Amino acid sequence: RDFCLSRGLGDVYKRQALEKQIPKGSYDVELSIIRSALAGVRVAAARLKISAQIALRYEIAMPKGFELADLQKPGVFSFFCVDAGLACFADALTAKEYKTFLEEWHREYHNGNLYENYFAPLFAENAKSNVAMETGAGNFLLWKLPKSGKKLVMFASGMGDGIYSAYWGFDQNGNITELILSLIHISEPTRQAEI
């Protein structure tokens, strides 16, 4: 199944399709939360757990149409950009349905702000959930697309806007076990917070 990293809530919606495919299915999303005196409570990393096997090596996730060998070529980028402060994992069909939802919402509420008017109350409600209260973080949301009921886990992208890379994890047999998004370099906020 084609897989995407998606970002954006409004006119800036973008998706980065990845070259490697994973089997069709439903997968757990795990978030690593950091608490820093400087940065506060943030999502430091996100993982799409594809199998129970342990990852023994990692490889940067390349965009669709490019292999790892293309990484050094001009104009080939192995990252996705965030300018709305949120990201998620999605297969290509779910990403397409999400884009349709955005377009329809903007047609109905052409002067509205999708985050402020639609998602902010959902994030605020989720912040009251047991999981969010245990982690001290209200910066993630398990959301269902209104038409199909497909689920998306949306989460704050580290420190917000920027560029982020994803990494495929492989087991001892070379099978994909996970997809990792590294959102905050742990040592940086910690080191700065200790100064």
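In case you missed it, the structure is sitting above this.
A brief report on the enclosed structure follows. Nothing here was measured: the structure is a model prediction, and the numbers come from that model.

Definitions and limits used
- Residues numbered from 1 in each chain as written.
- Predicted model: local features only at pLDDT ≥ 70, side-chain atom pairs only at ≥ 80, totals over all residues.
- Heavy atoms only, no water.
- Axes fitted to C-alpha atoms, helices over the stretch in contact; angles between N-to-C directions.
- Helix = DSSP H or I, 4+ residues; strand = E, 2+ residues; numbered from the N terminus.
- Parallel < 35°, antiparallel > 145°, perpendicular 65-115°, else oblique.
- Left-handed = near helix turned anticlockwise from the far one by under 90°.
- Contact = heavy atoms within 4.5 Å.
- Nonpolar A, V, L, I, M, F, W, Y, C, P; charged D, E, K, R; others polar.
- 1 Å grid on protein atoms, 1.4 Å probe; cavity = no way out; pocket = protein on both sides within 12 Å on 5 of 7 lines; lining within 4 Å.
- Points joined across faces, edges and corners; volume = space filled by probe spheres on them.
- Expected span 1.5 Å × (residues − 1).
- Polar contact = N/O pair within 3.5 Å; in protein donor to acceptor, adjacent residues only side chain to side chain.
- Bend = angle between axes of the 7 residues up to and from the residue.
- Buried < 20%, exposed > 50% of the residue type's maximum accessible area, 1.4 Å probe, protein only.
- Phe/Tyr/Trp six-rings, centres within 6.5 Å; stacked < 30°, edge-to-face > 60°.
- Pairing = 2+ DSSP bridges.
- Lys, Arg positive; Asp, Glu negative; His and termini not counted.
- Salt bridge = Lys/Arg side-chain N within 4 Å of Asp/Glu carboxyl O.

Here helix 1 (residues 92–108) crosses helix 2 (residues 114–126) at 120°, and the two axes come no closer than 11 Å. Between helix 1 and helix 2, the crossing angle belongs to the class labelled oblique. In this structure, helix 1 meets helix 2 at a crossing whose hand is right-handed. For the pair helix 1 and helix 2, the contacting residues are Tyr 98, Phe 101, Leu 102, Trp 105 and His 106 in the first and Leu 114, Asn 117, Tyr 118 and Phe 119 in the second. Looking at side-chain class alone, the contact of helix 1 with helix 2 contains 7 nonpolar, 2 polar and no charged residues.

The next point concerns the layout of surface pockets. Taken as a whole, the largest pocket holds about 620 Å³ of empty space. Every residue lining the largest pocket is counted, 24 residues in all, and those nearest its centre are Ser 26, Tyr 27, Val 29, Lys 151 and Val 153. Those elements that place two or more of their residues in the lining of the largest pocket are strand 3 (28–36), strand 7 (86–91), strand 8 (140–144) and strand 9 (151–156). Partitioning the lining of the largest pocket into residue classes produces 14 nonpolar, 3 polar and 7 charged.

For the rest of this paragraph, the subject is helix 1. If you check helix 1, its first and last C-alpha atoms are 25 Å apart, about what 17 residues at 1.5 Å a residue would give, namely 24 Å. One side-chain oxygen at the N-terminal end of helix 1 lies 2.9 Å from the backbone nitrogen of Leu 93; it belongs to Asp 91.

For helix 2, which comprises 13 residues, the first-to-last C-alpha distance of 17 Å matches the rise-based estimate of 18 Å (1.5 Å per residue) to within 8%. Approximately 40° is the largest bend angle found in helix 2, and it occurs at Ala 120, with the proline Pro 121 only one to four residues beyond. Among the residues of helix 2, those classed as buried are Leu 114, Phe 119, Ala 120, Phe 123 and Asn 126. Measuring from the side-chain oxygen of the N-cap residue of helix 2 to the backbone nitrogen of Tyr 115 gives 3.0 Å; that N-cap residue is Asn 113.

A word on the packing of aromatic side chains. Summed over the entire model, instances satisfying the criterion amount to 10 aromatic pairs. Ring centres 5.8 Å apart and planes at 80° place the aromatic pair Tyr 98 and Trp 143 in the edge-to-face group. In this pair, Tyr 98 sits in helix 1 while Trp 143 sits in strand 8, placing the two residues 45 residues apart along the sequence. Judged by its relative accessible area of 3%, Tyr 98 is buried. Here Tyr 115 and Phe 123 contribute two aromatic rings whose centre-to-centre distance is 5.9 Å and whose plane-to-plane angle is 45°, an arrangement assigned as tilted.

As judged from the 9 bridges shared by strand 3 and strand 4 (residues 40–49), these two strands associate in the antiparallel manner. Looking at the pairing, Glu 30 lines up with Arg 47 of strand 4. Between the end of strand 3 and the start of strand 4, which pair antiparallel, lie 3 residues.

Our next topic: the side chain of Glu 97. Among the secondary structure elements, Glu 97 is positioned in helix 1. Notably, Glu 97 is buried but unbridged: the nearest opposite-charge side chain belongs to Lys 150, and the N-O separation is 4.2 Å. In terms of polar contacts, Glu 97 uses its side chain to reach the side chain of Ser 148, at 2.8 Å. In contact with Glu 97, not counting residues within four places along its chain, are Leu 145, Lys 147, Ser 148 and Lys 150.

Purely geometric stuff here, so don't read any function into it on its own.
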